[in-house]
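Coordinate inspection notes
Letter by letter, the chains look like this.
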Amino acid sequence: MSARPVYLNGEWCDTATAQVSVFDRGYLFGDGVYEVIPAFDGQLFGLEPHMDRLSRSLREIGISEPLARQDWQEIFDRLLEDYAGRDAAIYLQVTRGAPVPRDHAWPDPPTAPGVMATVSPIGAHSDGARAITLPDQRWGRCDIKTINLLPNTMARQRAVEQGVDEAILVRDGLVIEGSATNLFAVIGGRLVTAPTGPQMLAGITRGLLIDLVRREGLVEVDESFITVSALRGADEVFLTSSTKDLWPVLEIDGEPVGQGKGAGRPGPVTRHLDGHFQQLKQSQRRPA
Ligand code: PDD
């Protein structure tokens, strides 16, 4: 892997030289939050809602804002310098800093937060995903975008070991979201997705898509929970995330999604909505 620029606690370094303290609470406790912000052809997409969600995550776990938005913007500009013509994802995280000695209680007075930001190319993904359903083993505040992602990584690993792309997390028989994606189903002409709340992450792609669909009157949106059997009987299913846009799900637990001739293929509603979403991305680009 070639070295990439890294912003770390006020300094610029690269992936080969960046070093954090072994006492950083992100490292010791997963005590921090993060964002993944996409940039298409070097231009950030959905920056404001991502930064609003970062502020909310920080507030919810009691870490003060480490940087003004203008400072973040300057960091992003520098990270994206080499990304004209390519798609990239900014990764940023803020931890509660590195107080010594290790103690579960938060440092008082607070230590300086640990701030890191870097960038990676967004790789191509397949035209359709295969998924399995798994029990959701996460905590009660999945609305906070915490770096503490062990259950998510375990679920994704189970999916990979079973030769599929994503794990769909199920709690009390209800479909919540993917291990790193939100989930939409098309059922009887309606677009159904789980409501936001402490059980899941309010994805920015999810929010932008719902706003777009409602604004343009594309299809009725229903923010309700569905059961696993309703998911299995859905006409279409797709996942959303900042690095995958709308990603059709072609197979769940080994069975094709949808019925008849179109089963196991990206469905017409998904393709239609994706077309509008791609237009939204284009329309938000600054002229060169
Ligand atoms: N994951 N749900 C979970 C649990 C997620 O981790 C993510 C994003 C999403 C989609 O959110 P958004 O549309 O804001 O990207 C939903 C990022 C991409 C990650 O962890 O890499």
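Residues numbered from 1 in each chain as written. Predicted model: local features only at pLDDT ≥ 70, side-chain atom pairs only at ≥ 80, totals over all residues. Heavy atoms only, no water.

Here we take up the site of the ligand. The local shell around the ligand holds 19 residues, among which Y34, E177, I204, T205 and S242 are the closest. One of the side-chain nitrogen or oxygen atoms of K145 is found 3.5 Å away from a nitrogen atom of the ligand. Protein contact buries 89% of the 480 Å² of open area that the ligand shows by itself. Of all the secondary-structure elements, those providing two or more residues to the shell around the ligand are strand 3 (32-40), helix 2 (47-60), helix 5 (204-215) and strand 13 (236-241). For the shell around the ligand, a count of residues per class yields 5 nonpolar, 10 polar and 4 charged. In terms of domain composition, the shell around the ligand takes at least three residues from each of domain 1 (5-121) and domain 2 (129-282). (Near = heavy atom within 4 Å. Polar contact = N/O pair within 3.5 Å; in protein donor to acceptor, adjacent residues only side chain to side chain. Areas by Shrake-Rupley, 256 points an atom, 1.4 Å probe, with all protein chains shown as cover. Helix = DSSP H or I, 4+ residues; strand = E, 2+ residues; numbered from the N terminus. Nonpolar A, V, L, I, M, F, W, Y, C, P; charged D, E, K, R; others polar. Domains from an automatic or database assignment.)

Looking at where G128 falls in the secondary structure, it is placed in the loop between strand 6 (114-121) and strand 7 (129-135). Assessed through its relative accessible area of 14%, G128 is described here as buried. Those residues within four positions of G128 in sequence are excluded, and the remaining contacts are D165, W247, P248 and L250. (Buried < 20%, exposed > 50% of the residue type's maximum accessible area, 1.4 Å probe, protein only. Contact = heavy atoms within 4.5 Å.)

Looking now at the environment of W12. If you trace the backbone, W12 turns up in strand 2 (residues 11-14). For the pair formed by W12 and Q93, sequence separation is 81 residues and the distance between their alpha carbons is 15 Å. Dropping the residues within four chain positions of it, W12 is found in contact with P5, V6, Y7, I75, R78 and L79.

On to helix 7 (residues 268-283), then. Note: α-helices contain 3.6 residues per turn, so residues at a spacing of three or four share the same orientation. For helix 7, built from 16 residues, the straight-helix expectation of 22 Å at 1.5 Å per residue is met to within 8% by its first-to-last C-alpha distance of 23 Å. Residues of helix 7 that are buried sit in contact with strand 3, strand 11 (190-193), helix 5, strand 13 and strand 14 (245-252). (Expected span 1.5 Å × (residues − 1).)

Further remarks concern the pattern of salt bridges. Within this structure, the stated rule accounts for 18 salt bridges. Across the pair R285 and D41 runs a salt bridge, and its minimum N-O distance is 2.6 Å. Of this pair, R285 sits in the segment after helix 7 while D41 is found in the loop between strand 3 and strand 4 (43-44), placing the two residues 244 residues apart along the sequence. A residue is classified by how much of its surface remains accessible, and D41, at 28% relative accessible area, is partly exposed. (Salt bridge = Lys/Arg side-chain N within 4 Å of Asp/Glu carboxyl O.)

Another aspect to go through is the domain arrangement of the protein. It is common to give the size of an interface as the accessible area that goes away when the parts come together. Domain parsing of the protein yields domain 1 (5-121) and domain 2 (129-282). Of note, the centres of domain 1 and domain 2, computed from C-alpha atoms alone, are 27 Å apart. On the domain 2 side, the residues contacting the 24 residues of domain 1 number 19 residues. Across the domain 1 to domain 2 interface the summed buried area is about 1,700 Å²; carbon plus sulfur atoms make up 65%. Counting the surface domain 1 buries against domain 2, the share from its top three residues, Y34, F45 and R53, is 38%. Taken together, domain 1 and domain 2 are joined by 2 salt bridges. For E60, the salt bridge goes to R141, with nearest N and O atoms at 2.9 Å. Where domain 1 packs against domain 2, one counts 9 residue pairs in polar contact (both at pLDDT 80 or more). Looking at which element gives the most residues to the side of domain 1 that touches domain 2, the answer is strand 3, with 7 residues. (Buried area = accessible area lost by both parts, 1.4 Å probe.)

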